[in-house]
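Structural description and commentary
Here is what each chain is made of, one letter per residue.
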Amino acid sequence: MKKSEMNLISSVLKYEDGHPRRTQHVLKVYALSILLGEKEKISDYERDILGAAAILHDIAIKYCKENLNGDACQENQRKHAPELVKDFMLDAGYEPKCIDEVIELVLKHHEYDNIDKKLLQILIEADLIINAYESGAIDKNIIDIFKTEEGKNIVRLVAKNL
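Residues numbered from 1 in each chain as written. Predicted model: local features only at pLDDT ≥ 70, side-chain atom pairs only at ≥ 80, totals over all residues. Heavy atoms only, no water.

By the naming in an unreviewed UniProt entry, the protein chain goes by HD domain-containing protein and is assigned to Peptacetobacter hominis.

Dropping the structure here:
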């Protein structure tokens, strides 16, 4: 793990201030994204992008809840996420050249139609699996979204056990 990634995890956990659900969600989606990425044999550069996106994928929720009367709808999150992602990544020591790629993944991680990038596919699968575990329910229709072999295997296990 690179120093910038360790810095990013630390700063996001500090930002979340111990909020149990959001803190655990970040860590779980991050870990599963990295696992799926390794199974898909992504490059080191792609791993850096995926790791940052997984850590930051829901970064705007707290901001929206605290500054927009609790309204953390997807539209509000998309509006405020880019600046938050940029600030967190620069503070953590990431190269500016990769910020736009991470922002794109963060903005699209709830868009399940026309998934056109491998890293977006992996992030979406990780988030959906963790959401299913956390909610204790799974929409059987989401299974069709899965394209990675490991993601398919894990979501089948989740669906069988929920």
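Having put the structure on the table, let's press on.
A word on the overall build of the protein chain. Secondary structure summary: the protein chain contains eight helices and zero strands in total. Starting at the N terminus, the α and β elements of the protein chain follow one another as α-α-α-α-α-α-α-α. In terms of overall dimensions, the protein chain is globule-like: its C-alpha atoms have a radius of gyration of 15 Å, near the 15 Å expected for 162 residues. Overall, the C-alpha framework of the protein chain stretches about 40 × 40 × 30 Å when taken along its three principal axes. For the protein chain, the proportion of its 162 residues judged to be buried stands at 46%. Sequence separation of 24 or more characterises 64% of the internal contacts of the protein chain that already satisfy a separation of 6 or more. For the protein chain, the computed accessible surface area is about 8,600 Å², with 50% contributed by carbon and sulfur atoms. (Helix = DSSP H or I, 4+ residues; strand = E, 2+ residues; numbered from the N terminus. Rg over C-alpha atoms; globule rule 2.2 N^0.38 Å. Buried < 20%, exposed > 50% of the residue type's maximum accessible area, 1.4 Å probe, protein only. Contact = heavy atoms within 4.5 Å. Areas by Shrake-Rupley, 256 points an atom, 1.4 Å probe, with all protein chains shown as cover.)

Checked against the element boundaries, Lys152 lands in helix H8 (residues 149–161). In this structure the C-alpha to C-alpha distance between Lys152 and Glu125, which are 27 residues apart in sequence, comes to 8.7 Å. Those residues in contact with Lys152, other than ones at most four positions away along the chain, are Phe146 and Lys147.

This next bit is on the side chain of His57. Looking at the element boundaries, His57 is found in the loop between helix H3 (44–56) and helix H4 (60–67). For His57, a relative accessible area of 2% puts it in the buried group. In terms of polar contacts, His57 uses its side chain to reach the side chain of Asp58, at 3.1 Å. Only 3.2 Å separates the side chain of His57 from the side chain of Asp127, close enough to count as a polar contact. Leaving out residues up to four positions away in the same chain, His57 has contacts with His25, Val29, Val106, His109, Leu123 and Asp127. (Polar contact = N/O pair within 3.5 Å; in protein donor to acceptor, adjacent residues only side chain to side chain.)

This part is about the UniProt feature "domain: HD" (unreviewed entry) in the protein chain. Per the UniProt entry, the sites bearing "domain: HD" (unreviewed entry) are residues 24–128 in this numbering. Between the C-alpha atoms that bound residues 24–128 there is a distance of 15 Å. The span itself is 73% helix and 0% strand. (UniProt positions renumbered as here; feature names shortened; annotations may be inferred.)

Taken as a whole and judged by the stated rule, the model has 10 salt bridges. Note that Glu134 and Lys28 form a salt bridge whose closest N and O atoms lie 3.1 Å from each other. Of this pair, Glu134 sits in helix H7 (residues 118–135) while Lys28 sits in helix H2 (residues 20–39), and the two are 106 residues apart along the sequence. Residue Glu134 is classed as partly exposed on the basis of its relative accessible area of 26%. We note a salt bridge from Glu104 to Lys108, for which the minimum N-O separation is 3.1 Å. Linking Glu104 with Lys108, this pair stays in helix H6 (residues 99–108), spanning four residues, or about one helical turn. Residue classification places Glu104 among the partly exposed positions, given a relative accessible area of 24%. Note on Lys108: relative accessible area 26%, which makes it partly exposed. Taken together, the shared-partner salt bridges connect Arg21, Lys28 and Glu134 into one network. (Salt bridge = Lys/Arg side-chain N within 4 Å of Asp/Glu carboxyl O.)

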